[in-house]
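A closer look at the structure
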Amino acid sequence: MYEGTTYVPLRYISEELGKKVTWDGKTGTIFIGEEQDENKFFYKKPIAKVTKDIKTREDIKGISLYAQGVYGLPHWQDENGNEIYFRKESIIYTLPSETKSVSGIISMLDDIPSYFRKYDFTDDDKRVNGKIKIYDENDNVLYESERVRLMSDPIDFEISTKNVQKIRFELILEWNNTYNGIGTIAIKNLRYKY
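These figures come from a predicted structure and were not determined experimentally. (Residues numbered from 1 in each chain as written. Predicted model: local features only at pLDDT ≥ 70, side-chain atom pairs only at ≥ 80, totals over all residues. Heavy atoms only, no water.)

1. Re the side chain of glutamate 170
If you trace the backbone, glutamate 170 turns up in strand β12 (residues 166-176). Overall, the relative accessible area of 9% leaves glutamate 170 in the buried class. (Helix = DSSP H or I, 4+ residues; strand = E, 2+ residues; numbered from the N terminus. Buried < 20%, exposed > 50% of the residue type's maximum accessible area, 1.4 Å probe, protein only.)

2. As for the packing of aromatic side chains
Inspection of the entire model under this criterion finds six aromatic pairs. Seen in terms of ring centroids, phenylalanine 42 and tyrosine 93 are 5.0 Å apart; in terms of plane orientation they differ by 85 degrees. Their pairing is edge-to-face. Here the residue phenylalanine 42 occupies a position in the loop between β2 (29-32) and β3 (48-49), and tyrosine 93 occupies one in strand β7 (residues 83-94), the gap between them amounting to 51 residues. The pair phenylalanine 42 / tyrosine 93 is uniform in exposure class, with both members buried. (Phe/Tyr/Trp six-rings, centres within 6.5 Å; stacked < 30°, edge-to-face > 60°.)

3. Some remarks on the nonpolar core
Residues Ile63, Val102, Ile106, Phe157, Phe169, Ile185 and Leu190 are the most contacted members of the largest nonpolar core, which totals 32 residues. Broken down by secondary-structure element, the contributors of at least two residues to this core are β5 (62-68), β7, β8 (101-109), β9 (129-136), β11 (155-160), β12 and β13 (182-193). The residues touching leucine 190, leaving out its near neighbours within four places in the chain, are Lys40, Phe41, Phe42, Tyr43, Lys61, Gly62, Ile63, Val102, Ser103, Phe157 and Phe169. (Core = buried A, V, L, I, M, F, W, Y, C linked by side-chain atoms within 4.5 Å. Contact = heavy atoms within 4.5 Å.)

4. So, the confidence of the model for the chain
Of the residues in the chain, 78% have a pLDDT of 70 or more, and the chain-wide mean is 80. When the elements of the chain are averaged for pLDDT, helix α2 (residues 122-127) gives the smallest value, 54, and strand β10 (residues 141-144) the largest, 97. (pLDDT = per-residue confidence, 0-100.)

5. Examining the side chain of threonine 161
If you trace the backbone, threonine 161 turns up in the loop between β11 and β12. Within the local environment of threonine 161, its side chain forms a polar contact with the backbone nitrogen of serine 101, the two atoms lying 3.3 Å apart. (Polar contact = N/O pair within 3.5 Å; in protein donor to acceptor, adjacent residues only side chain to side chain.)

6. Some details on the pattern of salt bridges
For the structure on display, the rule yields nine salt bridges. Across the pair glutamate 89 and arginine 87 runs a salt bridge whose closest N-O atoms are separated by 2.8 Å. Note on accessibility: glutamate 89 and arginine 87 belong to one class, buried. Taking the shortest distance from any N to any O, the salt bridge between arginine 147 and glutamate 174 comes out at 2.7 Å. With arginine 147 in the loop between β10 and β11 and glutamate 174 in strand β12, this residue pair connects regions lying 27 residues apart in the sequence. Judged by relative accessible area, arginine 147 falls into the partly exposed class, the value being 40%. Through salt bridges with shared partners, a single network forms among Lys44, Glu58 and Lys61. (Salt bridge = Lys/Arg side-chain N within 4 Å of Asp/Glu carboxyl O.)

7. A few points about a nonpolar patch on the surface
A contiguous nonpolar surface patch, about 430 Å² in accessible area, is contributed by Val8, Tyr12, Ile13 and Leu17. Here valine 8 lies in the segment before α1 (10-16). Exposure remark for valine 8: the relative accessible area of 55% places this residue in the exposed category. (Patch = residues over 30% accessible without salt bridge, like charges linked within 9 Å, V, L, I, M, F, W, Y side chains within 5 Å. Areas by Shrake-Rupley, 256 points an atom, 1.4 Å probe, with all protein chains shown as cover.)

8. Regarding unusual backbone geometry
Its identity is not glycine, yet glutamate 3 carries a phi of approximately 50 degrees, on the positive side. If you trace the backbone, glutamate 3 turns up in the segment before α1. Despite not being glycine, lysine 61 has its phi angle at roughly 50 degrees, a positive value. Of note, lysine 61 is situated in the loop between β4 (54-57) and β5. Looking at lysine 61, the relative accessible area reads 5%, which means it is buried.

Right, dumping it as C-alpha cells:
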C-alpha cells in the first residue's frame, strides 16, 4: 500500500498466471502475454504521406506530427470568439488482408527543441492538445481519440480492421491564440494483429 493505492509486482503476478513479460526500453512499454513481433509494426511502410511533416519514427515505433507557433497556420474561432490554431496531417497504409485489428498508444511527446528550452512553456504546453482520427479507405471514421496534452495520460487503442484494406491516420494539433504553441502528437507502438 502506498498513499491509499495497492501495488503488485507486475512481473511476478503475470508470470504466476502463465503470461510472459517483456520490456521495450526504447518506448517504455511493457508487453504481457505477447512478445513483440517486429513484422507487425507497420509504421515504416506508408503508401502515402499526405504531407511531408508526419514522421515515421523508430524511437517510438510509430508516427508523429510536430507543430510550432501560429504563423501561417489555419485557424477557426470557438464559441467564445477565441482563435484556435491547428495543424492537421495524414498518412496512409495498406493492411495485409488477414489483419483483424490495429493498435497503438496516443500521446503528446516532450519534443521541444533545445533552442526553446530557455523559455517557460509550461502554460503554453497545457494549451496545446492533440488527437487522432482513423479512417478506412472510404473515409469512414473508424476511431477518434479524446484530446491529449503533454501532461495527460496516454490513450491505448485497438480498433477492428476486418475488411479494411487501407487505413488513414489523421494527426491533429490545436492550441489557443499564442505565438509559443509547441507540440508533438504521436502514435507509439503502431502495429496490427492477425
